[in-house]
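Coordinate inspection notes
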Amino acid sequence: MNNLNKLYAIAALGNGNVMAIPCIWLVRENYSPIVKNKDYELYFPLHESVKQAEKYADVKKDWVKSCCTVLDITDSYLRAHYMATTENLGKYTFVIVEFLEDQSAEVVLCNWVLTDDVTQQFKCQWPGSKNELKYSQLKKNPTNVWSTHICIPRKFFDYLINYSYESDNQSQSMFLMLIDNVPAPSSNFNFNSSSPLQQSCELENVVEDNGNQNSQACTIPELMNVVQNIGHVMMNGKLKS
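Calculation criteria
- Residues numbered from 1 in each chain as written.
- Predicted model: local features only at pLDDT ≥ 70, side-chain atom pairs only at ≥ 80, totals over all residues.
- Heavy atoms only, no water.
- Buried < 20%, exposed > 50% of the residue type's maximum accessible area, 1.4 Å probe, protein only.
- Helix = DSSP H or I, 4+ residues; strand = E, 2+ residues; numbered from the N terminus.
- Pairing = 2+ DSSP bridges.
- Patch = residues over 30% accessible without salt bridge, like charges linked within 9 Å, V, L, I, M, F, W, Y side chains within 5 Å.
- Areas by Shrake-Rupley, 256 points an atom, 1.4 Å probe, with all protein chains shown as cover.
- Salt bridge = Lys/Arg side-chain N within 4 Å of Asp/Glu carboxyl O.
- Contact = heavy atoms within 4.5 Å.
- Phe/Tyr/Trp six-rings, centres within 6.5 Å; stacked < 30°, edge-to-face > 60°.
- Core = buried A, V, L, I, M, F, W, Y, C linked by side-chain atoms within 4.5 Å.
- Axes fitted to C-alpha atoms, helices over the stretch in contact; angles between N-to-C directions.
- Polar contact = N/O pair within 3.5 Å; in protein donor to acceptor, adjacent residues only side chain to side chain.

1. Digging into the pairing of strand β1 (residues 8-13)
- In terms of residue burial, β1 counts as a mostly covered element, since six of its six residues are buried.
- Residues Y8, I10 and A12 point to one face of β1 and A9, A11 and L13 to the other, with burial holding for every one of them.
- As paired strands, β1 and strand β2 (residues 18-22) are joined by five bridges and run antiparallel to one another. Pairing of A12 across the sheet is with V18, part of β2.
- Bridge count between β1 and strand β4 (residues 64-74): six bridges; the pairing is antiparallel. Paired with L13 across the strands is C68, a residue of β4.

2. Side note on a nonpolar patch on the surface
- Taken together, the side chains of V27, Y43 and V59 present a nonpolar region at the surface, about 200 Å² in accessible area.
- You can see V59 is positioned in the loop between α1 (49-54) and β4.
- Relative accessible area serves as the criterion here: at 34%, V59 is assigned to the partly exposed category.

3. A word on the environment of Y43
- Positionally, Y43 belongs in strand β3 (residues 38-44).
- On the basis of relative accessibility, which here comes to 32%, the residue Y43 falls in the partly exposed class.
- Not counting the four nearest positions on each side in its chain, Y43 is found in contact with W25, V27, V59, W63, V64 and K65.

4. Observations concerning the packing of aromatic side chains
- The full count for this structure, using the stated rule, is 10 aromatic pairs.
- Ring centres 4.8 Å apart and planes at 80° place the aromatic pair W112 and W146 in the edge-to-face group. A residue pair is termed long-range when its members are at least 10 positions apart, and W112 in the loop between β6 (104-109) and β7 (113-116) and W146 in the loop between α3 (132-137) and β9 (147-157) qualify at 34 residues. Across the pair, W146 and W112 agree in class, each one buried.

5. Points about the nonpolar core
- Among the nonpolar cores identified, the biggest contains 49 residues, and I21, L26, V95, V97, V108, V113 and C124 are the most heavily contacted of them.
- Not counting residues up to four positions away in its chain, the partners in contact with V95 are L89, E106, V107, V108, L109, C110, V113, P153, R154, K155 and F156.

6. Concerning unusual backbone geometry
- Phi at Y31 is positive, roughly 50°, even though this residue is not glycine.
- As for its placement among the helices and strands, Y31 is situated in the loop between β2 and β3.
- In the Ramachandran plot, Q103 falls in the positive-phi region, its phi being about 60° despite a non-glycine side chain.
- With respect to the helices and strands, the residue Q103 is situated in the loop between β5 (94-99) and β6.

7. Structural notes on the sheet that holds β7
- A sheet is described by the order of its strands in space; here five strands give the open sequence β6-β5-β9-β8-β7, paired in antiparallel fashion. Two strands close off the open sheet at either side, each with one partner strand: β6 and β7. In this sheet, adjacent strand axes meet at a mean angle of 45° when their direction is disregarded.
- For β5 and β6, the ladder comprises six bridges, and the chain directions are antiparallel. Counted as the bridge partner of V95 is V108 from β6.

8. Structural notes on the side chain of E98
- Note that E98 resides in strand β5.
- At 2.7 Å, the side chain of E98 forms a polar contact with the side chain of R154.

9. Focus: the pattern of salt bridges
- Evaluation of the coordinates by the stated rule reveals three salt bridges.
- E41 serves as the salt-bridge partner of K65, at 3.5 Å between the closest nitrogen and oxygen. With K65 in strand β4 and E41 in strand β3, the pair connects residues that are 24 residues apart, well separated along the chain.
- On the basis of relative accessibility, which here comes to 41%, the residue E41 falls in the partly exposed class.
- A salt bridge links E98 to R154, with the shortest nitrogen-to-oxygen separation between them at 2.7 Å. Linking E98 in strand β5 with R154 in strand β9, this pair joins segments that are 56 residues apart in sequence.
- Look at E98 and you get buried, because its relative accessible area is 12%.

Everything listed here is a matter of geometry and, on its own, says nothing about what the molecule does.
Structure (structure tokens):
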């Protein structure tokens, strides 16, 4: 039986990403009916947005106000998430996928990923070559000799930044950095002050310190390390404010 009290919207967010969100996050006057392809304001969590959406969390007072365009509506989170992921596959160039067979992760072209509307699963076409990264960089199209493997698309983006890995362990580490939440605050930074100016200075120091560690082009693991350290500063600055 359909649960009409829990409707999900497939929403195109302001940052371009498409996500499944509870309809109760949308700002509606007198809970008016939701109209497809219409712009709405919404309340959005600062952390763990996917987990919050999946458990149909109520809006919290510390959430931020943003905007989105509602593309579709459904009463199933699994269906909504599948539809949102399919939309993202059509919008972006690259995606980090997790292969369920061996729980490894790789960066592939979005057009390597096949969708199945019946099972609502995703399958990645795989070249079976040691040069699969080069295949991605050169934007090679799949052929009928490539194998297919069930996968979960995790993170979408349009550009590769000096992407190179020597082992699956490095690839998995990068994958975990991308999908995990911001870690616990680092002891290397001073968060005693709630002053926005001091927080801004700390943020600049984090970026400068990480940038000086390597004068060459930043690889994805290094870039994600910078982002995580920035997350330390921003999260703790918010907790102190």
